[in-house]
Amino acid sequence: MTRSELLTVGNPGKVSHSSRFIAVDGPIGVGKTSLARRLADSLSADLVLEEAYENPFLERFYLDGQSAALPAQMFFLFARARQIESLRQSDLFTSVRVSDYLFSKDRLFAELNLSADELSLYKQVEATLAIDAPVDIAVDDLCTSCRRCTIDCPPDAILDDKQIVRGVEKWYVDFDKCIPYFAMTEGCGICIEVCPWSEPGRGVVLSETLLKKRRERSDVIR
Ligand code: SF4
Ligand code: SF4
């Protein structure tokens, strides 16, 4: 969880709608699930829980160690893949989600607990599952200061400020204004043409620059 997310969660009345994924993590038995439940409750958020108690290999892993590490790890990998898939499918309709674990910890545990051969097998299976949780590349950081598409849209279809759409705060296009102009011009597309992200080869550099600026800002806050 980022510093700003921690601050907003500290005051649920002011939670930011851009904080859509909140993960609680820490040592075993510290109360992650209880905190995640309370956060989800106070934010009216969806709760995503690690399926630790359903893992039939975990007890043996704690007792025997290495001999049960691979099946225990594979159970968690498949459970994580299922959860990410269901998150993808509900993406349009859900506002905020709170999880009692970081998805990336599965890979960290695999690297700690598996032998070299087992880890190689784990990675092969992981690759076939194509697990990819959303990655923040700082698109929104640029939109907040850019607004080129808003200014250049002939029928003023792109609103200046974000709107709440099905409980999620988003940049908003008024299609009652866009569609007639789009049809009249046989495919306007000005907003895409002027967007810096559309420039071939620029996206990676842009993202790196924006993320660097974000890190520098958070260093100043600390
Ligand atoms: S032009 Fe692109 S970067 Fe600029 S505000 Fe519009 S969508 Fe965002
Ligand atoms: S396609 Fe044209 S009219 Fe529609 S939002 Fe983009 S710039 Fe505006």
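So, how was this worked out
- Residues numbered from 1 in each chain as written.
- Chains lettered and ligands numbered in written order.
- Predicted model: local features only at pLDDT ≥ 70, side-chain atom pairs only at ≥ 80, totals over all residues.
- Core = buried A, V, L, I, M, F, W, Y, C linked by C-beta atoms within 7 Å.
- Buried ≥ 20, exposed ≤ 12 C-beta atoms within 10 Å, placed from the backbone.
- Helix = DSSP H or I, 4+ residues; strand = E, 2+ residues; numbered from the N terminus.
- Near = placed C-beta within 6 Å.
- Nonpolar A, V, L, I, M, F, W, Y, C, P; charged D, E, K, R; others polar.
- Pairing = 2+ DSSP bridges.
- Axes fitted to C-alpha atoms, helices over the stretch in contact; angles between N-to-C directions.
- pLDDT = per-residue confidence, 0-100.
- Contact = placed C-beta atoms within 7 Å.

Chemist: For this particular structure, what's the right way to read the nonpolar core?
Modeler: Among soluble globular proteins, nonpolar side chains are generally buried collectively. Within the largest apolar cluster, eight residues are counted, these being Ile22, Val24, Ala36, Leu39, Ala40, Ala45, Val96 and Val98. For this core, the element with the most residues is helix H2 (residues 32-43), which contributes three residues.

Chemist: Any chance you could explain the site of ligand 2 here in plain terms?
Modeler: As a structural note, the neighbourhood of ligand 2 is formed by Cys153, Pro155, Ala157, Ile158, Val173, Cys178, Tyr181, Phe182, Cys188, Gly189, Ile190 and Cys191. Among the elements of the structure, helix H9 (175-184) and helix H10 (190-194) are those that each provide at least two residues to the shell around ligand 2. At three residues, the largest contribution of residues to the shell around ligand 2 is made by H9. Class assignment of the residues belonging to the shell around ligand 2 gives a composition of eleven nonpolar, one polar and no charged.

Chemist: For this particular structure, what's the right way to read the sheet that holds strand E1 (residues 21-23)?
Modeler: Within a beta sheet, neighbouring strands are joined by backbone hydrogen bonds and run either parallel or antiparallel to one another. Across the sheet, three strands lie side by side as E1-E3-E2; this open sheet has parallel pairing. The open sheet terminates on both sides in strands that have one partner only, identified here as E1 and strand E2 (46-48). The average angle at which neighbouring strand axes cross in this sheet is 20°, direction not considered. As paired strands, E2 and strand E3 (residues 97-99) are joined by three bridges and run parallel to one another.

Chemist: Could you clarify how one ought to interpret the confidence of the model for the protein in this entry?
Modeler: The predicted coordinates of low-pLDDT regions are not to be read in fine detail. When the pLDDT values of the protein are averaged, the result is 81; 82% of them are 70 or greater. Of all the helices and strands in the protein, helix H1 (residues 3-9) carries the lowest mean pLDDT, 37, while helix H8 (residues 148-152) carries the highest, 96. Predicted confidence is poor over residues 1-18, with pLDDT under 50, and the contacts of this stretch with residues over four places away or in other chains come to 21 contacts.

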